[in-house]
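Structure assessment
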Amino acid sequence: MAKKAKFGFFSSSSPKSLPSSPSSFTSFPASPLSQNFTQSTMEEAVEKAESVIRKWDPNTPSFTKIVSLFNHSRKEAKEFIICVRDLRRAMHFLVSQDSQSPKLSQAQTLMQIAMTRLEKEFFQILSSNRDKLDPESVSGQSSISSNSEFEDVMQSDEDDDGEMKKAGESITQVEKASAVVMSDLKAIAESMISCGYGKECVKIYKRIRKSIVDEGLSLLGIETYKGSRFHRTDWVSLEHMIKNWIKAAKIGVATLFRGEKLLCDHVFSASNSTRESCFYEIANEAATNLFKFPEFVAKEKKSHERIFSLMDLQAAITDLWQDVEMIFHFDSVSGVKSQALVSLQKLKVSIHSALTDFESTILKDSTKAITPGGGIHKLTRSTMSFISSLSKHSSVLSEILADHPLPRNTRLLKAYVRAPISEDEEHNHALSVHFAWLILVLLCRLDTKAEHYKDVSLSYLFLANNLHFIIETVRSTQLRDLLGDDWLSKHGDKLGAYAGNYEIAAWSNVFMSLPEEPTDLSPEEAKIYFRRFHTAFEEAYMKQSSRVVPDAKLRDELKVSIAKKLVPEYREFYRKYLPMLSQERNIEILVRFKPDNLENYISDLFHGTPILGSSSISSSSSSSSSSWMSLGCVSG
């Protein structure tokens, strides 16, 4: 409560010790009192204040003791504020003329009553209008004039609706109610501060508004963060906390702290130091604690599995940074910005460490178990899934990798990653190089794993399958924009080389079992070539029937390539020499494959269904058409 001693400065010994007036109510229109300061007019001002202020003395047993002045009659509230202003001016005049004047003593008593009433009103308005002063409502008032609402009313006393002119005709009823409450608080704050009662006013404001901010953050799930808590929290729980923090931080900064800053700036617009002090007391501790969370998360054990949550945190802070700079621009709350920057830096370090851990995981993969049939290795799937997910966070990673270029000699990458030719490519170049490097590390590991196969053809098929998977992942994700068409083209050539080497290693004996040059053979020589071809084909087919090519397009391309090299040559040999052997007994044993049969057998390849023996070959596929034939195989 206000204390009477407050106006002890009005003594004859110190006529110049009047308190400085932050606003001095200069925003109010001048009355005739200010034009002609005479003893009589000053005394009249005191007498007028006597009737108005005494009516609202909170210590009298009248109805006004329990009724709010501002809720009961806005007209009387305006009159009360004006009387306080004029009473203050009168007191200044009287103390300069006659510090022993009875009127001065009367004025001091009235001022004490007035301040006690305004202190009570300020508390009631703050505590009973929380719904109208919630951050979202206040945030909608950012365009409200910094002038007091009462100024507009004083300019047009006949217009009872003039109090909302500055808010415009289009604002909602909620915004109007919020604007009225904010203007009431501003008028009271200006009055109390100008009369030397700013400390009481500010104390009430800080206590109530800080509790609202703390409660709001608590409802958003923000707690007081301590490092020891994070050491005991498992990652699944921490991930949940991170997701909640990101949502809470957006609301906390953009709505809660922003609204509180706007309210503070509006209510205490008459005093820069007061509004800075208030906002510091209300928001500094809570906002600093809010931005400590990412730092604590970043300090936890580095693991590449956690990188996406770390990048989400960094992106969230980056998105909020403009608001943080705007809201916490006072020097007193600069620690909030410093904490946010510390968290960003810690996150960058942690994200880079996670990338290093990811590369190390690829390099250290020592599994020797071979993939059945030369299919796609689980390391390929997991690595490309991870890299393609990383590519979705290119804006975060580009900034980090620009500060941490690859320390190794990357001449190997020059053949695959072109130099940037535009500003956008320059921005992402470090990221492109890093992704190209990670894929190169994967390919090197796959080369090592291919050596575990005892069959050379199977090694090449394994490399072809895995490289094709890598290429298609790049082609179908954002990696394509980062690595470019040159990368795809050059790795496509490498895939073609793997496929060609597989054909040579797996089918060369079959290709060479027929005569190289068209020539006339004797029946005996023809029989030898038939037997040689059938034996070579059976051996190759039995071995290759267990091979796997998961991708349908690559599977058909391999079948077409093999068939084009094999079927036309055999068909020509078959057409020319079968009639020569028509008189041979058991001709079906000697010539077991018709050209059409070869096409059917080849169409069954690369599904991972092994043929156990030659008898199975003879009784297997009988279909005469399949999708791969449409890719260019000659039938007939």
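Description of the structure in this document. The structure presented is a predicted model; accordingly, all values stated were derived computationally and were not measured.

Rules used in this analysis
Residues numbered from 1 in each chain as written. Predicted model: local features only at pLDDT ≥ 70, side-chain atom pairs only at ≥ 80, totals over all residues. Heavy atoms only, no water. Axes fitted to C-alpha atoms, helices over the stretch in contact; angles between N-to-C directions. Helix = DSSP H or I, 4+ residues; strand = E, 2+ residues; numbered from the N terminus. Parallel < 35°, antiparallel > 145°, perpendicular 65-115°, else oblique. Contact = heavy atoms within 4.5 Å. Nonpolar A, V, L, I, M, F, W, Y, C, P; charged D, E, K, R; others polar. Salt bridge = Lys/Arg side-chain N within 4 Å of Asp/Glu carboxyl O. Buried < 20%, exposed > 50% of the residue type's maximum accessible area, 1.4 Å probe, protein only.

A few words on the packing of helix H11 (residues 272–290) against helix H12 (residues 292–299). Relative to each other, H11 and H12 sit at 25°, their axes nearing to 4 Å. Judged by the angle between their axes, H11 and H12 are roughly parallel. Across the interface between the two elements, Thr288, Asn289 and Leu290 from H11 touch Lys292, Phe293 and Pro294 from H12. Grouping the amino acids of the contact of H11 with H12 by side-chain chemistry returns three nonpolar, two polar and one charged.

To continue, consider the pattern of salt bridges. A full pass over the atoms with the stated rule returns 29 salt bridges. As a salt-bridge pair, Lys565 and Glu503 come within 3.0 Å of each other at their nearest N and O atoms. Of the two residues, Lys565 is situated in helix H21 (residues 552–577) and Glu503 in helix H19 (residues 479–511); the sequence distance between them amounts to 62 residues. Judged by relative accessible area, Lys565 falls into the partly exposed class, the value being 41%. Overall, the relative accessible area of 6% leaves Glu503 in the buried class.

Another aspect to go through is the environment of Thr371. Structurally, the position occupied by Thr371 is in the loop between helix H14 (334–363) and helix H15 (378–390). Residue classification places Thr371 among the buried residues on the basis of a relative accessible area of 15%. Separated by 81 residues in sequence, Thr371 and His452 have C-alpha atoms that sit 9.9 Å apart. Apart from the residues lying within four places of it in its own chain, the contact partners of Thr371 are Ile376, His377, Tyr453 and Phe462.

Next up on the list: H12. The element H12 is largely enclosed, with a buried count of six among its eight residues. Among the residues of H12, Phe293, Pro294, Glu295, Phe296, Val297 and Ala298 are the ones counted as buried. Elements that come into contact with the buried residues of H12 comprise helix H9 (227–231), helix H10 (235–267), H11, helix H13 (307–327) and H14.

What is shown is where atoms sit, not what they do.
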